[in-house]
Amino acid sequence: MTSQSPDTKITFTSPIRAPSAVPVDDAVIPFEVDALDLRGRLTRMGPALDEILTKHDYPPQVGKLLGEAIVLTTLLGSSLKFDGRFILQTQSDGPVSFLIVDFQAPDRLRAYARYDAKRLKPGADSGSLLGKGHLAMTIDQGPDMSRYQGLVALEGGGLEAAAHEYFLRSEQIPTRVRIAVGEEFRGGERGKHRWRAGGLLMQFLPKAPERARQADLHPGDAPQGTVPHTVAEDDAWVEGQSLISTVEDIELIDPDLSGERLLYRLFHERGVRVFKPLALHAQCSCSREAVSSMLKSFDAKDRSGMVKDGKVVVTCEFCSSVYEFTPQEAGVENA
Ligand SMILES: [Zn+2]
């Protein structure tokens, strides 16, 4: 927000102003810190997250993990400029064997998780809930465009770790991600709670690509005695990482701290520029028509197997909406 030297003219046209103190939930704020060549996005979620998680009545650990996946999806998917879709899913051997978050640009979110209640242990962290497996990110830009899919191994370290691994290996963009999900308990109303979450993604994008070199991860499978290949990271990126490492979970989810204030708190010494926030909504794309045509895609034998108590009932896994059809409507012959 300020020029670094008295000799430098401020050339950008956006006005310099104080950070807004008004917290905005269910939004992603894009930002940049020019002096450090950093670009990023900050997500704050309240009612939309609560709506998705509450509909399913997940056990708290599962809700928290799915909340993390939702925040990560908004951080990654909100950069889509087209009317596309970003889908994040995991398949793994932990108590939460599958989860999916479907983000439809510009603002629609839906998600669900499959879990084995018998295997849930109190206090289990996200990494052990997922276990080992993989995380897939799919960008779908419609039927005429090719799909992009990125895959990264889940090694028991949770979603933040998987995101870091993905950006290091696949995108080779120095990236840090922070995610926090919590339950806000309202005074006076016993058992009443609301889910909240926040996340921060920060990337180092210098004009000179050689400045983006990164310290490699330790080569776990290298022969004994191998000296790890170490690279000195750019000073600006070292500073950026040290700033983001100071963000506390409570700051990310605090309903009284505005996103702009949080960004200002982090980057005020260098100057931070924020862009127009992008709104997020919990909204499923299922419909009676879509379910009906899905039913018709099954073969006749499968369809007749779906009839129970004289009707066919389909529940949307994303939003728990229930669709009821008569056997005739479901295309069951000889019903
Ligand atoms: Zn639905």
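Residues numbered from 1 in each chain as written. Predicted model: local features only at pLDDT ≥ 70, side-chain atom pairs only at ≥ 80, totals over all residues. Heavy atoms only, no water.

1. Observations concerning the packing of aromatic side chains
As a reminder of what qualifies: We call Phe, Tyr and Trp rings a pair once their centres come within 6.5 Å, taking the six-membered ring for Trp, and we label the pair stacked below 30 degrees between planes, edge-to-face above 60, and tilted otherwise. Comment: elements are numbered from the N terminus, with helices defined as DSSP H or I runs of at least four residues and strands as E runs of at least two. Accessible area is worked out with a 1.4 Å probe on protein chains only. A residue is then buried under 20% of its type maximum, exposed over 50%, and partly exposed in between. The rule for a charge over a ring is simple: NZ of Lys or CZ of Arg within 6 Å of the ring centre, and within 35 degrees of the ring normal.
Counted under the stated rule, the structure contains six aromatic pairs. Ring geometry for Y58 against Y115: centres 6.1 Å apart, planes inclined by 70 degrees, an arrangement best described as edge-to-face. Placement of the pair is Y58 in the loop between α1 (47–56) and α2 (60–77) and Y115 in strand β5 (residues 108–115), with a sequence separation of 57 residues. Residue class for Y58 comes out buried when judged on its relative accessible area of 9%. Given the relative accessible area of 31%, Y115 is considered partly exposed. Feature note: the residues F98, Y112 and F318 constitute an aromatic cluster, connected by ring pairs. Taking NZ or CZ as reference, R110 lies 3.8 Å from the ring centre of F318, over its face.

2. Quick notes on the pattern of salt bridges
Oppositely charged side chains can form a pair if their charged atoms are brought close together. Condition: Note on definitions: salt bridges are taken to be side-chain nitrogens of Lys or Arg within 4 Å of carboxyl oxygens of Asp or Glu.
One pass over the structure, following the stated rule, counts 22 salt bridges. The partner of K311 in a salt bridge is E324, with the nearest N and O atoms 3.8 Å apart. Taken together, the residues K311 in the loop between α9 (300–305) and β13 (312–315) and E324 in strand β14 (residues 322–325) connect sequence positions 13 residues apart. Overall, the relative accessible area of 31% leaves K311 in the partly exposed class.

3. So, the coordination of the zinc ion
As a reminder, the rule being used: Keep in mind that water is not among the atoms, so a site may look incomplete; donors are the N, O and S atoms within 2.8 Å of the metal, or 3.2 Å for Na, K and Ca. Geometry is assigned from the angles between donors: four donors with all angles from 85 to 135 degrees make a tetrahedral site, four or six donors whose opposite pairs exceed 155 degrees while the rest stay between 65 and 115 make square planar or octahedral sites respectively, and everything else is labelled irregular.
At this site the zinc ion is bound by C284 (SG), C286 (SG), C316 (SG) and C319 (SG), with donor distances of 2.3 Å. Coordination at the zinc ion is tetrahedral, judged from the four donor atoms that bind it and the angles of 103 to 113 degrees they form at the metal. Positions of the donor residues of the zinc ion, expressed as sequence spacing, correspond to C-x1-C-x29-C-x2-C.

4. Topic: the nonpolar core
Convention followed: We call a set of buried Ala, Val, Leu, Ile, Met, Phe, Trp, Tyr and Cys residues a nonpolar core when their side-chain atoms join them within 4.5 Å. In this description, contact between two residues means that some pair of their heavy atoms is separated by no more than 4.5 Å.
If you look at the biggest cluster of nonpolar residues, it comprises 55 residues, and the most contacted ones within it are L66, I70 and L99. Per-element tally for this core: the top contributor is α2, with nine residues. Those residues in contact with L66 that lie beyond four places of it in its chain are L53, Y58, L99, I100, V101, A111, Y112 and A113. By size, the runner-up hydrophobic cluster in this structure holds 22 residues, among which are L36, L42, L200 and A236.

5. Regarding the packing of α2 against helix α4 (residues 158–171)
For clarity, the threshold we go by: Inter-axis angles, ranging from 0 to 180 degrees, are taken between N-to-C directions of lines fitted to C-alpha atoms, where helices are fitted over the stretch in contact. Working definition: roughly parallel below 35 degrees, roughly antiparallel above 145 degrees, roughly perpendicular at 65 to 115 degrees, and oblique for all remaining angles. When residues are grouped by polarity, Ala, Val, Leu, Ile, Met, Phe, Trp, Tyr, Cys and Pro land in nonpolar, Asp, Glu, Lys and Arg in charged, and all others, Gly among them, in polar.
Two elements in contact, α2 and α4, have axes whose closest approach is 10 Å; the angle formed by their N-to-C orientations is 30 degrees. What the angle tells us is that α2 and α4 run roughly parallel. Only L159, A163 and F167 of α4 make contact with α2, whose side of the interface consists of L65, E68, A69, L72 and L76. Of the residues in the contact of α2 with α4, the class split is seven nonpolar, no polar and one charged.

6. Looking at the side chain of T43
Structurally, the position occupied by T43 is in strand β2 (residues 38–45). Of the residues examined, T43 reaches a relative accessible area of 0% and is grouped as buried. Those residues in contact with T43 that lie beyond four places of it in its chain are A27, V28, V71, T74, L75, A197, G198, G199 and L280.

7. A look at the environment of F86
Tracing the sequence through the fold places F86 in strand β3 (residues 85–92). F86 gets classed as buried once you look at its relative accessible area, which sits at 4%. Distance from F86 to T138, taken between C-alpha atoms, is 5.7 Å for residues 52 residues apart in sequence. Once residues within four sequence positions are removed from consideration, F86 is found in contact with T73, L76, G77, L80, V101, D102, F103, M137, T138 and I139.

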